[in-house]
Amino acid sequence: MLNEILAAVPGGSIYDTRYLAAPDATQLTVKIGSDNVIQFINDGLASCPEQRYALFGYSQGATVTNQVLQNFTTTSPQGQQIKSIVNIGNPYHLPNKQGNADENCGTTGILNLIEDFGIPDAWYATGKVRDICFSDDQVCNGVSLGNIFSGEHLLYGFSESVQKCGAEFVIPKIS
């Protein structure tokens, strides 16, 4: 997905969030990651106010991305320069939200009811969010308990339709 986006959008770059991903993610590890992204965006905008951002998160990284969004309003300078958000296997995927997609890039009504670390509603309303969750992924459909999850949670990187769904969403938003 990222290679396709970088090929289509000249001058783009990738920044890997720095945090300790672990099977038992805690609020501290999520805070370390979200603080890292927040600092990266703030520093980037201080030196280049027109810089645009596309945020990506997979699994625990999606939780980090969600926390970043909870720290920036959609109308803040940072929020205005965040042009797209793609979460994959988001443990806090919420049902019936604008931007939700399943493994075929269709709409999804997955039943996760955990909102504590979710994407704020205002971000869904911007049309900048694509939250992809396999229909049978127990992590993002609210079934997973603890460290138990289905094999589907590990397949996103191998799914051509998921990669295409994310890339085709991001490219027009940051071009």
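Preceding this section is the structure that the text describes.
Predicted model only: the values in this text are computed from it and were never measured.

A. Molecular detail of the state of the cysteines. Considering all chains together, one arrives at two disulfides under this definition. Note on cysteine connectivity: Cys 105 is disulfide-linked to Cys 165, with sulfurs 2.1 Å apart. The sign of the S-S torsion, about 65°, decides the handedness of the disulfide formed by Cys 105 and Cys 165: right-handed. Within this pair, whereas Cys 105 is found in the loop between β3 (100–101) and α5 (121–125), its partner Cys 165 is found in helix α6 (residues 160–174), the two being separated by 60 residues in sequence. Classification of Cys 105 by relative accessible area gives partly exposed; the value is 33%. The exposure class assigned to Cys 165 is buried, which follows from its relative accessible area of 4%. The residue that forms a disulfide with Cys 133 is Cys 140, at a sulfur-sulfur distance of 1.9 Å. Between Cys 133 and Cys 140 the disulfide shows an S-S torsion of about 90°. By sign, it is right-handed. As far as burial versus exposure is concerned, Cys 133 and Cys 140 are alike and both buried. Counting its disulfide-bonded cysteines in sequence order, the protein chain shows a connectivity of 1-4, 2-3.

B. The arrangement of the packing of helix α2 (residues 27–47) against helix α3 (residues 60–71) in detail. Two elements in contact, α2 and α3, have axes separated by 8 Å at closest approach and are oriented at 55°. Comparing the axis directions of α2 and α3 gives the class oblique. Relative to α3, the crossing made by α2 is right-handed. Across from Val 30, Gly 33, Ser 34, Val 37, Ile 38 and Ile 41 in α2, the residues of α3 making contact are Thr 63, Val 64, Gln 67, Val 68 and Asn 71. For the contact of α2 with α3, the per-class residue count stands at six nonpolar, five polar and no charged.

C. Layout of the nonpolar core. Counting 18 residues, the largest nonpolar core has Ile 5, Val 86, Ile 88, Ile 132 and Tyr 156 as the members making the most contacts within it. Put simply, the parts of the chain that give this core at least two residues each are β2 (82–88) and α6. Element by element, the count of residues in this core is highest for α6, at seven residues.

D. Main features of α6. In this model α6 runs 21 Å from its N-terminal to its C-terminal C-alpha over 15 residues, within 8% of the 21 Å that 1.5 Å per residue would give. Residues of α6 that are buried sit in contact with α1 (2–8), β1 (53–58), β2, β3 and β4 (129–132).

E. Examining the pattern of salt bridges more closely. For the coordinates displayed, the defined rule picks out three salt bridges. Measuring nitrogen to oxygen at the nearest pair gives 2.8 Å for the salt bridge that ties Lys 31 to Asp 35. Note that Lys 31 and Asp 35 are positioned in helix α2 at a spacing of four residues, about one turn of the helix. Where Asp 121 meets Lys 97, a salt bridge forms, and the shortest distance between an N and an O atom there is 2.5 Å. Here Lys 97 lies in the loop between β2 and β3 and Asp 121 lies in helix α5, a separation of 24 residues in the sequence.

F. Layout of the packing of aromatic side chains. Summed over the entire model, instances satisfying the criterion amount to four aromatic pairs. Through a chain of ring-to-ring contacts, the aromatic side chains of Tyr 15, Phe 40 and Tyr 53 assemble into a single cluster.

What counts, and where the lines are drawn
Residues numbered from 1 in each chain as written. Predicted model: local features only at pLDDT ≥ 70, side-chain atom pairs only at ≥ 80, totals over all residues. Heavy atoms only, no water. Disulfide = S-S within 2.5 Å. Helix = DSSP H or I, 4+ residues; strand = E, 2+ residues; numbered from the N terminus. Buried < 20%, exposed > 50% of the residue type's maximum accessible area, 1.4 Å probe, protein only. Axes fitted to C-alpha atoms, helices over the stretch in contact; angles between N-to-C directions. Parallel < 35°, antiparallel > 145°, perpendicular 65-115°, else oblique. Left-handed = near helix turned anticlockwise from the far one by under 90°. Contact = heavy atoms within 4.5 Å. Nonpolar A, V, L, I, M, F, W, Y, C, P; charged D, E, K, R; others polar. Core = buried A, V, L, I, M, F, W, Y, C linked by side-chain atoms within 4.5 Å. Expected span 1.5 Å × (residues − 1). Salt bridge = Lys/Arg side-chain N within 4 Å of Asp/Glu carboxyl O. Phe/Tyr/Trp six-rings, centres within 6.5 Å; stacked < 30°, edge-to-face > 60°.

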